[in-house]
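# What the coordinates show
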Amino acid sequence: MAMAPSPLRYPGGKFGIRNMISTIINQQELDRGHYIEPYAGGAGLALSLLFGGHVHEIHLNDLDRSIWSFWYSILNQPERFISAIRDVEVTLDEWKTQREVQTNKESADVFDLGFSTFFLNRTNRSGIIQKAGVIGGLKQNGAYKLDCRFGKTGLIERIERIRKYSHRINLYNEDAIDFIQKSERELPENKVFCIDPPYYHKGATLYTNFYEHSDHFKISEVINRLTSSWLLTYDNCKEISHLYEQFNQFTFNLNYTAAEKRVGKELLITNMEINDISESCSLSPA
């Protein structure tokens, strides 16, 4: 099994569909172009496409200041971040200290917030930063302890690899709609949007910035007007399917790890014609 390139564990992360997305990008002759994620999160898919040579530059946006601070810190102060990983003691007292940083996330120092995000992501259940407890529980009497996902050597190696590509990684902290519209106007023609909004169902339990139905509707209006190539992934539900009924829709299997390990079906919606490769990509008509 390929090792995920991101140092973050992320609910609903799309690293598992990297082969599908790279096949679509190559078939559409969008390789070596600009790849755009308005909801970057863990960015595992974006990094795998960059590392694999399928895209030339990636543009990562996340409105959540905690997530943005993490990416900003490892892109701009990687040596300091690596030193912090080496020096930190992965203890329950440290977990409580790092959790406290998140209570003042809008005013916290960028580096401190970024490291807190990373620490909690690696020590909380399912990687959920603010809405999940510590692995093993506060009494640390579970089957796993809080440091079981904090292998320092491997995490440092991931950050070192990202550092080598940092000149081809562009980072933003903007509202998704504003970011999409600006990217449509300003980035070169050879580009593809890969849009992964918060889940329609259960989004409130997984993400800090979750969406109500009106938010999903607003983003659909913006995506519907895009002339650039785009791919959209969502949880498989009729409400979302209806918002994009004029576009090509497929379902695919995705491994979930939040709460419990299982395989679920998700939606892939696109304005591109990919029917001739859908079977090779393990896509089924929705």
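Higher on the page you've got the structure.
Below, the structure is looked at part by part.

Parameters and conventions
- Residues numbered from 1 in each chain as written.
- Predicted model: local features only at pLDDT ≥ 70, side-chain atom pairs only at ≥ 80, totals over all residues.
- Heavy atoms only, no water.
- Helix = DSSP H or I, 4+ residues; strand = E, 2+ residues; numbered from the N terminus.
- Rg over C-alpha atoms; globule rule 2.2 N^0.38 Å.
- Buried < 20%, exposed > 50% of the residue type's maximum accessible area, 1.4 Å probe, protein only.
- Contact = heavy atoms within 4.5 Å.
- Areas by Shrake-Rupley, 256 points an atom, 1.4 Å probe, with all protein chains shown as cover.
- Lys, Arg positive; Asp, Glu negative; His and termini not counted.
- Charge placed at Lys NZ, Arg CZ, Asp CG, Glu CD.
- Salt bridge = Lys/Arg side-chain N within 4 Å of Asp/Glu carboxyl O.
- Phe/Tyr/Trp six-rings, centres within 6.5 Å; stacked < 30°, edge-to-face > 60°.
- Lys NZ or Arg CZ within 6 Å of the ring centre and 35° of its normal.
- Pairing = 2+ DSSP bridges.
- Right-handed = clockwise from strand over helix to strand, strands pointing away.
- Polar contact = N/O pair within 3.5 Å; in protein donor to acceptor, adjacent residues only side chain to side chain.

## Some words on the overall build of the chain
The helix and strand tally for the chain stands at 11 helices and eight strands. Against the compact-globule benchmark of 19 Å for 286 residues, the chain has a radius of gyration of 19 Å, which places it among compact chains. Structurally, the chain occupies a C-alpha span of about 55 × 35 × 35 Å along its principal axes. Here the chain holds 286 residues, and the buried ones make up 54% of them. Summarising the internal contacts of the chain: among those between residues at least 6 apart in sequence, 70% fall at separations of at least 24. Per element, the accessible surface of the chain, about 13,400 Å² overall, is 46% carbon and sulfur. Of the side chains in the chain, 32 bear a positive and 36 a negative charge, and the two mean positions are spaced by 7 Å.

## Some words on the pattern of salt bridges
Between side chains of opposite charge, a pair can form when the charged atoms approach closely. The full count for this structure, using the stated rule, is seven salt bridges. Across the pair glutamate 266 and lysine 14 runs a salt bridge, and its minimum N-O distance is 3.4 Å. Separated by 252 residues along the polypeptide, glutamate 266 in strand β7 (residues 262-270) and lysine 14 in the segment before α1 (18-27) bring together distant segments of the chain. Lysine 14 matches glutamate 266 in its accessibility class, with the two residues each being buried. In this structure, the salt-bridge partner of lysine 182 is glutamate 174, at a minimum N-O distance of 2.6 Å. Linked by salt bridges that have partners in common, Lys14, Asp196 and Glu266 make up one network.

## A few points about the packing of aromatic side chains
Considering all chains together, one arrives at 15 aromatic pairs under this definition. A centroid spacing of 5.5 Å and a plane angle of 55 degrees characterise the contact between phenylalanine 119 and phenylalanine 150, whose relative ring orientation is tilted. With phenylalanine 119 in helix α6 (residues 110-123) and phenylalanine 150 in the loop between α6 and α7 (152-164), this residue pair connects regions lying 31 residues apart in the sequence. Summarising the burial analysis for this pair, phenylalanine 119 and phenylalanine 150 share the class buried. When the centroid spacing of 4.9 Å and the interplanar angle of 50 degrees are considered together, the rings of tyrosine 172 and phenylalanine 179 count as tilted. There is no split in this pair, since tyrosine 172 and phenylalanine 179 are both buried. Within the aromatic cluster, the residues linked to one another by ring pairs are Phe70, Trp71, Phe81, Phe111, Phe115, Phe118, Phe119 and Phe150. A cation over an aromatic ring shows up here: arginine 18 above the ring of phenylalanine 15, its NZ or CZ 4.0 Å from the ring centre.

## Digging into the pairing of strand β1 (residues 34-37)
Here β1 shows a buried face lined by His34 and Ile36 and a second buried face lined by Tyr35 and Glu37. When β1 meets strand β2 (residues 57-61), the two strands line up parallel, connected through four bridges. Bridge assignment links tyrosine 35 to a residue of β2, and that residue is isoleucine 58. Where the polypeptide runs from β1 across helix α2 (residues 44-51) and back to β2, its parallel neighbour, the crossover connection is right-handed. In this structure, β1 lies alongside strand β4 (residues 191-195), joined through three bridges in parallel fashion. Across the sheet, residue histidine 34 finds its bridge partner in β4, namely lysine 191.

## Considering the environment of lysine 105
With respect to the element layout, lysine 105 can be found in the loop between α5 (92-101) and α6. Considered as a pair, lysine 105 and arginine 65 are 40 residues apart in the sequence and their alpha carbons are 7.0 Å apart. Polar side-chain contacts of lysine 105 include one of 2.7 Å to the side chain of aspartate 64.

## Observations regarding the environment of leucine 92
Assignment of secondary structure puts leucine 92 in helix α5. Overall, the relative accessible area of 18% leaves leucine 92 in the buried class. It is 47 Å that separates the C-alpha atoms of leucine 92 and arginine 185, two residues lying 93 residues apart in sequence. Excluding residues that lie within four positions of it along the chain, leucine 92 makes contacts with Val134, Leu138 and Leu146.

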